[in-house]
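Breakdown of the fold
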Amino acid sequence: FARMFVQVCLYFYCKCLWRCLKFVVRKLTGRCELQRICYNTKPGAARTMKIEASLKGSKSKRLQTSVSVHPDAIEKTIDDIMELKRINPDINPQLGVSLQACLLQIVGYRNLIAEVEKLRREPYDSENPQHEEMLLKLWKCLKPNSPLKARISKQWCEIGFQGDDPKTDFRGMGLLGLYNLVYFAEWDTEVAQQVLSDSLQPKYREVTKKELSQFSKAEWEKKKFDKAIGYSFAIVGINITDLAYNLLVSGALKTHFYNVAPEAPTLTHFQQTFCYLMHEFHKFWIEEDPLDIMEFNRVREKFHKRILKQLQNPEMALCPHFAASESLINM
């Protein structure tokens, strides 16, 4: 109880002290916190995340709710902020532009979560012609020289589905898993086909003395050929979709999106990030050199931690080569 009491007192003390400090700094500099952030921090995740934290931590309800307004209301919200903070827009024209860019990113990120969540919750429906068309497009992009003999076919295992009908494998991520796989296969076709090809290649493994002591010769002969570079391509794609989804919902991807999307991040940004994660996971899997597919969860978790660590850097852009990042330089 004493520890809790001290923590509560310390919290309120620090909160009051911080507000007093901000008041003093404003009096000395003539600028509010939002002005100081915009003028002293370069565009990108560092600036947007500071603006977001400042607005959310404000004692004003109008400022707190500004991070969740409709995109069409952002201009009016900027005017309200300038009025509330007693900032003359004629003297500070760049401030409005900077705040608008930050709010577009903040609001856009929230809307992207909603859009992605909607796709994740929508189940695959084999009676829906659009769903079926997307599934067949996935096959054509990955196996252009191998016609699909039937809709229900063991051929689906060739691209990493578990059974004759892929619809059962989309249960966890719904349409989001299919959308991501199709985007990867259609827009990054060469890489997707190479990753698929690698995933099907068995890899002979020489017996070491230590490994031979752990397995009988018969067990090793069976196990060494079971080991592959590979894994089930489609199943792993759905699994990496889950990883990307969790990074998005947890807020970890804010660093990346605020650095590559000069305005509101979109579903395309999310899908491009998925492509990057698929490519990087494939390289990571090879580097880890797992004994067999049973090590997938261990490798995935290690990869997840690696990405999270990268995203802790406010200047991090997982895939800065995207065209969307080019206009950020001139903002």
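The following refers to the structure shown. Since this is a predicted model, take the numbers as computed values, not measurements. (Residues numbered from 1 in each chain as written. Predicted model: local features only at pLDDT ≥ 70, side-chain atom pairs only at ≥ 80, totals over all residues. Heavy atoms only, no water.)

1. Quick word on the overall build of the protein
This is how the line gets drawn: For helices the rule is a DSSP run of H or I covering at least 4 residues; for strands it is a run of E covering at least 2, with both sets numbered from the N terminus onward. Burial classes follow relative accessibility: with a 1.4 Å probe on protein chains only, a residue under 20% of its type's maximum area counts as buried, one over 50% as exposed, and anything between as partly exposed. Throughout, a contact is declared for two residues whenever any of their heavy atoms are within 4.5 Å. With residues, only the protein chains shown are counted as cover, and all accessible areas are computed by Shrake-Rupley using a 1.4 Å probe.
From N to C terminus, the protein includes 15 helices and 0 strands. Residue burial in the protein is summarised as follows: out of 331 residues, 45% are buried. Considering only contacts within the protein whose residues lie at least 6 apart along the sequence, 67% involve residues at least 24 apart. Per element, the accessible surface of the protein, about 18600 Å² overall, is 56% carbon and sulfur.

2. Comments concerning the environment of T255
Put simply, the test is: Under the rule applied, a polar contact is a pair of N or O atoms within 3.5 Å (in protein, one hydrogen donor and one hydrogen acceptor; residues adjacent in sequence only if both atoms are side-chain atoms).
With respect to the element layout, T255 can be found in helix 13 (residues 254-260). Residue classification places T255 among the buried residues on the basis of a relative accessible area of 4%. For the pair T255 and A317, spaced 62 residues apart in sequence, the C-alpha separation works out to 7.2 Å. Apart from the residues within four sequence positions on either side, T255 is in contact with A45, M49, L311, N313, P314 and M316. Separated by 2.9 Å, the side chain of T255 and the backbone oxygen of L311 make a polar contact.

3. A short note on helix 3 (residues 45-56)
To keep things clear, this is the line we draw: What a helix should span is 1.5 Å times the count of its residues minus one.
In a regular helix each residue adds 1.5 Å, so 12 residues correspond to 16 Å; helix 3 covers 16 Å between its end C-alpha atoms and thus fits that length. Looking at helix 3, one finds that the buried residues are A45, R47, T48, I51, E52, S54 and L55. The inward-facing, buried residues of helix 3 contact helix 2 (33-40), helix 4 (61-64), helix 5 (74-84), helix 6 (93-121) and helix 13.

4. Regarding the nonpolar core
Threshold: Here, nonpolar core refers to any group of buried Ala, Val, Leu, Ile, Met, Phe, Trp, Tyr and Cys residues whose side-chain atoms link them within 4.5 Å. An automatic or database domain assignment provides the domain bounds reported here.
Of all hydrophobic cores here, the largest spans 83 residues; its most connected members are I51, L138, L178, F270 and L277. Two domains each provide a minimum of three residues to this core, namely domain 1 (24-121) and domain 2 (129-312).

5. Here we look at the packing of aromatic side chains
For the record, the criterion: What counts as a ring pair is set by centres within 6.5 Å for rings of Phe, Tyr and Trp (its six-membered ring), and what kind of pair is set by the plane angle: stacked under 30 degrees, edge-to-face over 60, tilted for all other angles.
Across all of its chains, the model carries 16 aromatic pairs by this definition. Plain terms: the ring middles of Y183 and W187 are 6.3 Å apart, the flat faces sit at 40 degrees to each other, and that makes the pair tilted. With Y183 and W187 both in helix 8 (residues 174-187) and 4 residues apart, this pair spans about one turn of that helix. Centroid distance Y231 to W285: 5.6 Å. Interplanar angle 90 degrees. Geometry classified as edge-to-face. With Y231 in the loop between helix 11 (217-226) and helix 12 (233-250) and W285 in helix 14 (residues 267-288), this pair connects stretches of sequence that are 54 residues apart. The residues Y231 and W285 share a single accessibility class, namely buried. Linked through ring pairs, Y231, F281, F284, W285, F296 and F303 together constitute an aromatic cluster.

6. A closer look at the packing of helix 2 against helix 3
As a reminder of what qualifies: Every angle, taken between N-to-C directions, lies between 0 and 180 degrees, and every axis is a line fitted to C-alpha atoms, over only the stretch in contact when it is a helix. Each angle receives one of four descriptions, namely roughly parallel if under 35 degrees, roughly antiparallel if over 145, roughly perpendicular if within 65 to 115, and oblique otherwise. Residue polarity follows a fixed list, in which Ala, Val, Leu, Ile, Met, Phe, Trp, Tyr, Cys and Pro are nonpolar, Asp, Glu, Lys and Arg are charged, and the others, Gly among them, are polar.
Where helix 2 contacts helix 3, the axes come no closer than 10 Å and their chain directions differ by 175 degrees. One element, helix 2, and the other, helix 3, form an angle in the roughly antiparallel class. Residues E33, L34, I37 and C38 of helix 2 pack against R47, K50, I51, S54 and L55 of helix 3. Taken together, the residues that form the contact of helix 2 with helix 3 break down as 5 nonpolar, 1 polar and 3 charged.

7. Concerning helix 5
Heads up, the rule is: When we speak of the arc, we mean the arc of directions from the helix axis to the C-beta atoms.
Among all positions of helix 5, only I74, T77, I78, I81 and M82 are buried. Buried residues in helix 5, looked at end-on, bunch into an arc of 140 degrees, giving them a common side. Facing away from the buried side of helix 5 by over 90 degrees, the exposed positions are E75, K76 and E83. As for helix 5, its buried residues are in contact with helix 2, helix 3, helix 4 and helix 6. Trailing helix 5 by a residue or two, R86 shows a phi angle of about 55 degrees, which is positive.

8. Some remarks on the packing of helix 12 against helix 14
The following threshold applies: Take the far helix as your reference; a near helix turned counterclockwise from it by less than a right angle gives a left-handed crossing, and one turned clockwise gives a right-handed crossing.
Contact geometry of helix 12 with helix 14 gives a least axis separation of 10 Å together with a crossing angle of 125 degrees. Compared by their axis directions, helix 12 and helix 14 come out oblique. Considering how the two elements wind past one another, helix 12 and helix 14 form a crossing that is right-handed. Between helix 12, through F233, V236, G237, I240, T241, L243, A244, Y245, L247 and L248, and helix 14, the contact on the second element is made entirely by F270, F274, L277, M278 and F281.

9. Describing the side chain of D169
The cut-off we apply is this: Within this scheme the basic residues Lys and Arg register as positive and the acidic residues Asp and Glu register as negative, but His and the chain ends are omitted. One speaks of a salt bridge when a side-chain nitrogen belonging to Lys or Arg is within 4 Å of a carboxyl oxygen belonging to Asp or Glu.
Looking at the secondary structure, you find D169 in the loop between helix 7 (129-142) and helix 8. R171 provides the closest opposite charge to the buried, salt-bridge-free D169, at an N-O distance of 7.6 Å.

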